[in-house]
Amino acid sequence: MQHSQQQLTNLQGKTALVTGGTKGIGRAIADKLAQEGAQVIVTARNHPDDAQLPHHFIAADLTKSADVDRLSQEISDRYGKVDILINNAGGLTTPPGGFSTLTDEHWENELQLNLLSAIRLDRALLPAMIERKSGVIIHISSVAARQPLWNLNMAYAVSKAALNSYSKSLATELASKGVRVLTVAPGATKTPPMEKFIADYAASAGISLEEGYQLLLSQAGGIPMGRLAAPEEVASLVHFLVSPAAAYLTGTVYAIDGGSLPVV
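Figured I'd write up the structure that's included with this text. (Residues numbered from 1 in each chain as written. Predicted model: local features only at pLDDT ≥ 70, side-chain atom pairs only at ≥ 80, totals over all residues. Heavy atoms only, no water.)

Describing the overall build of the chain
Right, on to step 1. Assigned secondary structure in the chain consists of eight helices and seven strands.
Right, on to step 2. For a compact globule of 264 residues, the expected C-alpha radius of gyration is about 18 Å, and the chain comes in at 18 Å, within 12% of that figure.
Right, on to step 3. Scored against the burial criterion, the 264 residues of the chain give a buried share of 48%.
Right, on to step 4. Within the chain, counting contacts between residues at least 6 apart in sequence, those at least 24 apart form 69% of the total.
Right, on to step 5. Only carbon and sulfur atoms are counted for the fraction: they give 55% of the accessible area of the chain, which is about 12900 Å². (Helix = DSSP H or I, 4+ residues; strand = E, 2+ residues; numbered from the N terminus. Rg over C-alpha atoms; globule rule 2.2 N^0.38 Å. Buried < 20%, exposed > 50% of the residue type's maximum accessible area, 1.4 Å probe, protein only. Contact = heavy atoms within 4.5 Å. Areas by Shrake-Rupley, 256 points an atom, 1.4 Å probe, with all protein chains shown as cover.)

Focus on the side chain of Asp83
Right, on to step 1. Mapping Asp83 onto the fold places it in the loop between α3 (65-79) and β4 (84-87).
Right, on to step 2. Residue Asp83 is classed as buried on the basis of its relative accessible area, which comes to 6%.
Right, on to step 3. Here the side chain of Asp83 touches Thr15 through a polar contact of 2.7 Å, landing on its backbone nitrogen.
Right, on to step 4. A distance of 2.4 Å separates the side chain of Asp83 from the side chain of Lys81, its partner in a polar contact. (Polar contact = N/O pair within 3.5 Å; in protein donor to acceptor, adjacent residues only side chain to side chain.)

Here's the deal with the pattern of salt bridges
Right, on to step 1. Counting across every chain of the model gives ten salt bridges.
Right, on to step 2. Linking Glu36 and Lys32 is a salt bridge whose minimum nitrogen-to-oxygen distance equals 3.2 Å. Like Glu36, the residue Lys32 is buried in the burial classification.
Right, on to step 3. Where Asp61 meets Arg45, a salt bridge forms, and the shortest distance between an N and an O atom there is 3.4 Å. Of this pair, Asp61 sits in the loop between β3 (56-59) and α3 while Arg45 sits in the loop between β2 (39-44) and β3, and the two are 16 residues apart along the sequence.
Right, on to step 4. Each of the salt bridges in this network shares a partner with another, and the network as a whole consists of Arg45, Asp61 and Lys64. (Salt bridge = Lys/Arg side-chain N within 4 Å of Asp/Glu carboxyl O.)

Focus on the nonpolar core
Right, on to step 1. Residues Ile29, Leu33, Ile86, Ile138, Val184, Val238 and Val242 are the most contacted members of the largest nonpolar core, which totals 28 residues.
Right, on to step 2. Sorting the residues of this core by element identifies β1 (15-19), α2 (24-35), β2, β4, β5 (135-140), β6 (179-186) and α8 (231-242) as the ones contributing at least two each.
Right, on to step 3. With six residues, α8 is the single largest residue contributor to this core.
Right, on to step 4. Membership of the second largest hydrophobic core comes to 24 residues, among which are Ile58, Ile75, Leu125 and Met129. (Core = buried A, V, L, I, M, F, W, Y, C linked by side-chain atoms within 4.5 Å.)

What to know about the environment of Val143
Right, on to step 1. Within the fold, Val143 resides in the loop between β5 and α5 (154-174).
Right, on to step 2. Assessed through its relative accessible area of 11%, Val143 is described here as buried.
Right, on to step 3. It is 8.2 Å that separates the C-alpha atoms of Val143 and Ile256, two residues lying 113 residues apart in sequence.
Right, on to step 4. Beyond its immediate sequence surroundings of up to four residues, Val143 is in contact with Ala185, Pro186, Gly187, Ala255, Asp257 and Leu261.

Here it is in structure tokens:
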């Protein structure tokens with residue numbers, strides 16, 4: 001029985017691309033997929049600080065069409081195909097304060113980073129998946145898409161909500177073509193960007209780091225499990241979803257938030 005389960009989750013012979021894969025959730029996903037047998041490629045705007053990064057790294061700014069084309073061509077030349085695409089690159093780049101603080105540039109940057117980059121890369125890699133009638137795409141979204149905080153993450157939440165809608169539409173289109181599309185929506189996760197966000201928020205409010213952490217949690221309705229997620233926990237969910245064990249799953253958003261969403 002154990003041997004059968006391992007076969008269902010084994011990724012031997014698969015090639016995976018993880019965007020934003022040099023740190024945080026992306027790095028945890030890349031490490032997990034490699035541990036389960038996949039050949040892993042990671043991409044990010046800048047070379048990683050970790051000189052010992054065990055995965056093949058290709059620098060690319062996915063907000064630029066030319067970089068996406070170059071990335072796609074290099075992968076095709078070197079690996080021939082991508083079986084698993086993890087669209088993880090993204091982030092919160094806008095200031096707090098609500099609609100009056102957000103300029104056109106803020107909105108455009110957030111949509112480029114969190115929505116259009118994924119669309120651009122999907123468009124580059126999907127034709128080969130469709131031709132092989134095989135492939136899995138995971139979009140890393142956020143629970144903010146369903147629970148936006150107007151004074152903290154308005155543009156980010158809107159961009160992730162749009163990503164959810166796009167992902168569902170794409171899944172429906174590709175379901176009969178052998179390609180699965182799923183969305184993973186982490187809640188608050190213990191990553192360097194999250195820790196910096198909490199520190200900056202606390203500093204701007206003139207409160208301690210612990211007070212800033214508790215205030216943020218209270219604004220989000222709290223986390224019933226009482227802690228942030230570990231990146232490795234998100235990675236374990238992603239691994240299951242891209243594996244043969246999840247062969248009948250597509251078009252669904254999976255929240256991994258410690259129970260924080262206050263809705264069914």
